Amino acid sequence: MIENSASSSNKKLLGFDVKSLTANRRAINMLKGIFAVLPLTFALPVEALQVKVTPTNPKLGDTLSVEINLDNPDNSTNPTVASGKNTYPAFEIAPNQYRAFVPTTPLEKAGTRTLRVTGDGQVQNLAVNVLNRKFPVQRITLPPGKAGVDATEHELKRVAAFKALQTPQKYWNGVFLKPNAGRMSTTYGVRRYYNGTFAKDYYHRGLDYAGGAGSSVIAPAPGRVALVGRVSQGFRVHGNVVGIDHGQGVTSIFMHLSRINVKEGDFVKAGQLIGAVGSTGASTGPHLHWGLYVNGQSVDPTPWRTKVVK
């Protein structure tokens, strides 16, 4: 009785009764609900980078094309794509749209790899599964004391500098053409055993065409001639060689030529004559070796011949 009376007295002193207290509590809870939503509205995350990776089911030897769309691009820096220890530049291919190439090779392991895309002050990690691929195997037996041809230091430096080119301009447009009319004699990625020992670091870095000696070699795509080397200049392995820079980290190299029809600095169109098939350098017979490199790594040229890479 005393507690109830005291409680009733306190309620009157405060100027409200139980009904009014209940109503006020409801009003307060409603306000709390409204203000609890507001911070969520203002704290919504910035829209994530829009990234597309093709092909959808890549396999070893394929080139991964990473397209990035930015809403507010920072003109001072282009986006980048990192895979493992390597970082690849993204080049603008349309307004607010960028593209980076990530090469894969037969020397890598199949499985899931993470692509770290950076742009617009944001970072996005993408998991891409690269499928395994069986490459042909050759077993070669060399006679005792047989020594291979060694490249000269000048040759190695010139070729390495050429393959490392990352020219911002994109010169190609459409599928790449077949550079010689001959049949393909050796495919990309062939692995080898030498005298029973597997060559872990070797794979055939390109396509070989068994064209007749002197048959035409054409540019598979537009680009600038960035390398011309000759046996007389110390190109003992590559032989007479032409290298075309297609832009944005994509380069083509043509080896063992009997004749060279271009010079460094020339801009060539798709289908333009650049030389002739030969057997110069480390070659056992007339053929054309075409190597396609993306950001310094040898990739399979076949997908570039069968579909358009933007």
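Residues numbered from 1 in each chain as written. Predicted model: local features only at pLDDT ≥ 70, side-chain atom pairs only at ≥ 80, totals over all residues. Heavy atoms only, no water.

Peer 1: Explanation requested: the sheet that holds strand β3 (residues 80–83) in the structure shown.
Peer 2: Paired through their backbone hydrogen bonds, the strands of a sheet run either parallel or antiparallel. Pairing is antiparallel across the open sheet formed by four strands, whose spatial order is β4-β3-β7-β8. The outermost strands of the open sheet, each flanked by one partner alone, are β4 (86–89) and β8 (122–130). With strand direction ignored, the average angle separating the axes of adjacent strands in the sheet is 25°. Both strand β7 (residues 111–119) and β8 contribute to a ladder of nine bridges, which runs antiparallel. Across the sheet, residue Arg116 finds its bridge partner in β8, namely Asn125. (Pairing = 2+ DSSP bridges. Helix = DSSP H or I, 4+ residues; strand = E, 2+ residues; numbered from the N terminus. Axes fitted to C-alpha atoms, helices over the stretch in contact; angles between N-to-C directions.)

Peer 1: Before we go on, may I ask you to explain the side chain of Asn295 in this structure?
Peer 2: Here Asn295 shows up in the loop between β21 (288–294) and β22 (297–299). When sequence neighbours within four positions are dropped, the list of residues in contact with Asn295 reads Tyr88, Pro89, Phe101, Lys163, Gln166 and Gly249. (Contact = heavy atoms within 4.5 Å.)

Peer 1: Got a minute to help me understand empty space enclosed by the protein in this structure?
Peer 2: The rolling of a water-molecule-sized probe over the atoms marks out the regions of remaining empty space. This model, assessed by the stated rule, comprises one cavity of 30 Å³ or more. Taken together, Pro89, Phe91, Arg99, Ala100, Phe101, Gln248 and Asn295 form the lining of the largest cavity. Among the elements that make up the lining of the largest cavity, the one with the highest residue count is strand β6 (residues 97–103) (three residues). Split by residue class, the lining of the largest cavity holds four nonpolar, two polar and one charged. (1 Å grid on protein atoms, 1.4 Å probe; cavity = no way out; pocket = protein on both sides within 12 Å on 5 of 7 lines; lining within 4 Å. Points joined across faces, edges and corners; volume = space filled by probe spheres on them. Nonpolar A, V, L, I, M, F, W, Y, C, P; charged D, E, K, R; others polar.)

Peer 1: Explain the nonpolar core here, please?
Peer 2: One recurring pattern in soluble globular proteins is that nonpolar side chains are buried together. Residues Phe176, Val242, Val250, Ile274 and Trp304 are the most contacted members of the largest nonpolar core, which totals 32 residues. Put simply, the parts of the chain that give this core at least two residues each are β13 (207–209), β15 (223–229), β16 (240–247), β17 (250–257) and β21. For this core, the element with the highest residue contribution is β21, accounting for four residues. Apart from the residues within four sequence positions on either side, Ile274 is in contact with Val217, Ile218, Ala219, Val242, Ile244, Phe254, Arg259, Ile260, Asn261, Val262 and Val268. (Core = buried A, V, L, I, M, F, W, Y, C linked by side-chain atoms within 4.5 Å. Buried < 20%, exposed > 50% of the residue type's maximum accessible area, 1.4 Å probe, protein only.)

Peer 1: How do you make sense of the pairing of β17 when you look at a structure like this?
Peer 2: Looking along a regular strand, one sees side chains alternate from face to face of the sheet. Among the eight residues in β17, eight count as buried, and that is most of the element. Examined bridge by bridge, β16 and β17 share six bridges and lie antiparallel to one another. Its bridge partner lying in β17, Ile244 is registered against Ser252. Once β16 ends, the chain turns through two residues before running back antiparallel as β17, passing Gln248 with a positive phi of about 55°.

Peer 1: Which parts of the structure should I look at to understand helix α3 (residues 153–163)?
Peer 2: Count 3.6 residues to each turn of an α-helix, and residues three or four apart come out pointing the same way. For α3, the complete set of buried residues consists of Glu155, Val159, Phe162 and Lys163. Within α3, the buried residues cover an arc of 95° as seen down the axis, which keeps them to one side. In this structure, α3 carries Glu153 and Lys157 as exposed residues pointing more than 90 degrees from its buried face. Packed against the buried residues of α3 are β15, β16, β17 and β21. (Arc of directions from axis to C-beta.)

Peer 1: Looking at this structure, how should I read the pattern of salt bridges?
Peer 2: Should the charged atoms of two oppositely charged side chains come close, the side chains can pair. Tallied over the entire structure, the rule returns six salt bridges. The salt bridge partner of Arg133 is Asp300, with a shortest N-O separation of 2.9 Å. On the criterion of sequence distance, the pair formed by Arg133 in the loop between β8 and β9 (137–140) and Asp300 in the loop between β22 and α4 (302–306) is long-range, its members being 167 residues apart. For the salt bridge of Glu153 with Lys157, the shortest nitrogen-to-oxygen distance reads 3.1 Å. Taken together, the positions of Glu153 and Lys157, both in helix α3 and four residues apart, correspond to about one turn of that helix. Taking relative accessible area as the criterion, Lys157 reaches 54% and is therefore assigned exposed. (Salt bridge = Lys/Arg side-chain N within 4 Å of Asp/Glu carboxyl O.)

Peer 1: What should I look at first to understand the packing of aromatic side chains in this one?
Peer 2: Aromatic ring pairs are described here by two measures, namely the spacing of the ring centres and the angle between the planes. Tallied over the entire structure, the rule returns 10 aromatic pairs. Judged by centre distance (5.8 Å) and plane angle (75°), the ring pair of Tyr188 and Tyr203 falls under edge-to-face. With a gap of 15 residues between them, Tyr188 in the loop between β10 (184–186) and β11 (191–194) and Tyr203 in the loop between β12 (197–198) and β13 connect regions that are remote in the sequence. Within the aromatic cluster, the residues linked to one another by ring pairs are Phe101, Trp172, Phe176 and Trp304. Here Arg139 stacks its cationic end above the ring of Tyr193, 4.1 Å away from the centre of that ring. Its end group placed over the ring of Tyr203, Arg205 keeps NZ or CZ at 4.0 Å from the ring centre. (Phe/Tyr/Trp six-rings, centres within 6.5 Å; stacked < 30°, edge-to-face > 60°. Lys NZ or Arg CZ within 6 Å of the ring centre and 35° of its normal.)

Peer 1: Please explain the environment of Val262 as it appears in this structure.
Peer 2: Take Val262: it is sitting in the loop between β18 (259–260) and β19 (267–268). For the pair Val262 and Ile274, spaced 12 residues apart in sequence, the C-alpha separation works out to 5.6 Å. Apart from residues no more than four positions distant in its own chain, Val262 is found in contact with Val225, Val228, Val242, Val268, Leu273 and Ile274.

Peer 1: Can you help me understand the sheet that holds β11 in this one?
Peer 2: With mixed pairing, three strands are arranged side by side in an open sheet as β9-β11-β12. Single-partner strands in this sheet number two, and they are β9 and β12.

Peer 1: Can you walk me through the environment of Gly212 in this structure?
Peer 2: Tracing the backbone through its elements, the reader meets Gly212 in the loop between β13 and β14 (216–218). Given a relative accessible area of 44%, Gly212 falls into the partly exposed group. Between the C-alpha atoms of Gly212 and Gly285, which are 73 residues apart in sequence, the distance is 9.6 Å.

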